[in-house]
Amino acid sequence: ERCRRSRVAAAVVAATQSTISSTLALICAMGASAVPGVRRSARLMQELPVAKRERPVTGERPVAKREKRREVPDTKREKAKAFATAAHASTAREASARADGVELIVGCDEAGRGPLAGPVVAAACAFSPGAEPIPGVGDSKSIADEAEREALYEQIVAAPGVVWSARVVSAARVDEVNILMASLEAMRLSIVDVLGASQRRPATALALIDGPFSPWKEGEKYVDFQQPQPPSDVALQVEPIKGGDAKVYCIAAASILAKVTRDRLMRRYAELWPEYGLAEHKGYPTARHVAAIAKHGATAIHRRTFAPLKAQELPPPSADELRQIEAIEAAAQAKEGTP
């Protein structure tokens, strides 16, 4: 009986060893990842013959696949890179309008919708036909260097035959009518300035506007926000363009004029209220600005309808403060140039 049991045990051991050998051979031939429930052992794979390693032991994907993925172009990245290296915003829309017989093309944009303090400023700009585009003129928000914006501003206003205007609408007016209506009001003022500045008034004109709205927004609730009107003898078309300050040359130029005009104003206000750091953040709600408001309170140029000031129910600026602000902002407004 003992001999029989020994023979049976020996047979079981032999069968088990055979099964293990077969399994290892299968793993070796198929790769560990192909057998469900079997984890790859680095030590085991090291011991296998090199010829049997059909997949890399580190789990890396084949190099050829990675190279193929790199060959696929990143369309968005390439477009952004191409735009960033462009000499200036496109003049194609202006050229198309002139080809259709439009006599005057005006670009318009605003600056200062988001700050807690200071006015909103809009500028309008029209170049003479055939004027050479100024290198670097693009969306003012993409020009981080303040000195570069200032230099471009000076080149724009000095361009031969340019007609331009920058209009300032105060923080008090923003609180009175809301920021959208104040922005559109500044746009209307600047566009009408340009239309009326020509020695020979154009019969046809096109206003290209940054954003989704016409300054002469239609609708029952906007009937009180239509002034000033364009000259009656000018057939004016208005074309809002989302992202127009990055796409259309004359809008980009207007965005620089508006931004620089407002920045200069905020530096002037920083001299009156140095504790707020207005020259640095230009009235936007930075941590330093919000902390300064909490410590010193609001000034006459802070927008009382904007959070967090709205919750404080602050009194409006005094008459003397308003007169002082009006004088500063009136001096900042400018329009000049005749085609």
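Residues numbered from 1 in each chain as written. Predicted model: local features only at pLDDT ≥ 70, side-chain atom pairs only at ≥ 80, totals over all residues. Heavy atoms only, no water.

### With respect to the overall build of the chain
The secondary structure content of the chain amounts to 13 helices and six strands. Classification of the 339 residues of the chain by burial places 41% in the buried group. Here the analysis covers contacts within the chain between residues at least 6 apart in sequence; of these, 74% occur between residues at least 24 apart. Within the structure as shown, the chain displays about 19,000 Å² of accessible surface, and the carbon and sulfur contribution to it stands at 54%. (Helix = DSSP H or I, 4+ residues; strand = E, 2+ residues; numbered from the N terminus. Buried < 20%, exposed > 50% of the residue type's maximum accessible area, 1.4 Å probe, protein only. Contact = heavy atoms within 4.5 Å. Areas by Shrake-Rupley, 256 points an atom, 1.4 Å probe, with all protein chains shown as cover.)

### Points about the state of the cysteines
For the structure on display, the rule yields zero disulfides. Of all cysteine sulfurs, the one in Cys250 lies closest to Cys108, which takes part in no disulfide; the gap is 9.7 Å. (Disulfide = S-S within 2.5 Å.)

### Some thoughts on the pattern of salt bridges
What the rule picks out here adds up to 18 salt bridges. Glu239 serves as the salt-bridge partner of Arg93, at 2.8 Å between the closest nitrogen and oxygen. With Arg93 in helix α5 (residues 92–99) and Glu239 in strand β5 (residues 235–241), the pair connects residues that are 146 residues apart, well separated along the chain. Given the relative accessible area of 24%, Glu239 is considered partly exposed. Two residues, Arg173 and Glu176, come together in a salt bridge whose shortest N-O distance is 3.1 Å. Here Arg173 and its partner Glu176 are both found in helix α7 (residues 171–177), three residues apart, which amounts to about one turn of the helix. Counted as one network, the salt bridges with shared partners bring together Glu146, Arg149, Glu150, Glu154, Lys259, Asp263, Arg264, Arg267 and Lys282. (Salt bridge = Lys/Arg side-chain N within 4 Å of Asp/Glu carboxyl O.)

### Considering unusual backbone geometry
With an omega dihedral of -5°, the bond running from Gln227 to Pro228 counts as a cis peptide bond. One can find Pro228 in the loop between β4 (204–210) and β5. Cis peptide bonds are those with omega within 30 degrees of zero, and the linkage from Ala307 to Pro308 qualifies with 5°. Counting through the fold element by element, Pro308 comes out in the loop between α12 (287–296) and α13 (319–332). One non-glycine residue with positive phi stands out, namely Asn178, at about 90°. Mapped onto the fold, Asn178 is located in the loop between α7 and α8 (179–197). We classify Asn178 as partly exposed; its relative accessible area is 40%. Non-glycine residue Glu313 carries a positive phi angle of around 50°. In this structure, Glu313 sits in the loop between α12 and α13.

### Some thoughts on the packing of aromatic side chains
Per the counting criterion, the structure on display carries three aromatic pairs. Between Phe127 and Tyr249, the ring centres sit 5.1 Å apart and the planes meet at 40°, which makes this aromatic pair tilted. Of the two residues, Phe127 is situated in the loop between β2 (120–126) and α6 (146–157) and Tyr249 in helix α10 (residues 249–272); the sequence distance between them amounts to 122 residues. A single burial state applies to Phe127 and to Tyr249, both of which are buried. Note on Tyr269 and Trp273: the rings are 6.0 Å apart at their centroids and 40° apart in plane angle, and the pair reads as tilted. Its relative accessible area of 0% is what places Tyr269 among the buried residues. Look at Trp273 and you get buried, because its relative accessible area is 15%. Between Arg264 and the ring centre of Tyr153, over which it is positioned, the NZ or CZ distance is 4.3 Å. (Phe/Tyr/Trp six-rings, centres within 6.5 Å; stacked < 30°, edge-to-face > 60°. Lys NZ or Arg CZ within 6 Å of the ring centre and 35° of its normal.)

### Quick look at the environment of Lys295
Residue position: Lys295 is located in helix α12. Separated by 20 residues in sequence, Lys295 and Glu275 have C-alpha atoms that sit 9.7 Å apart.

### Points about the confidence of the model for the chain
For the chain, per-residue confidence averages 83 on the pLDDT scale, and 72% of positions sit at 70 or higher. Below a pLDDT of 50 lies the segment residues 47–58, which in the model reaches twelve contacts outside its immediate sequence neighbourhood of four places, other chains included. Throughout residues 79–85 the model reports pLDDT below 50, and contacts reaching past four residues in sequence, or to other chains, amount to one contact. (pLDDT = per-residue confidence, 0-100.)

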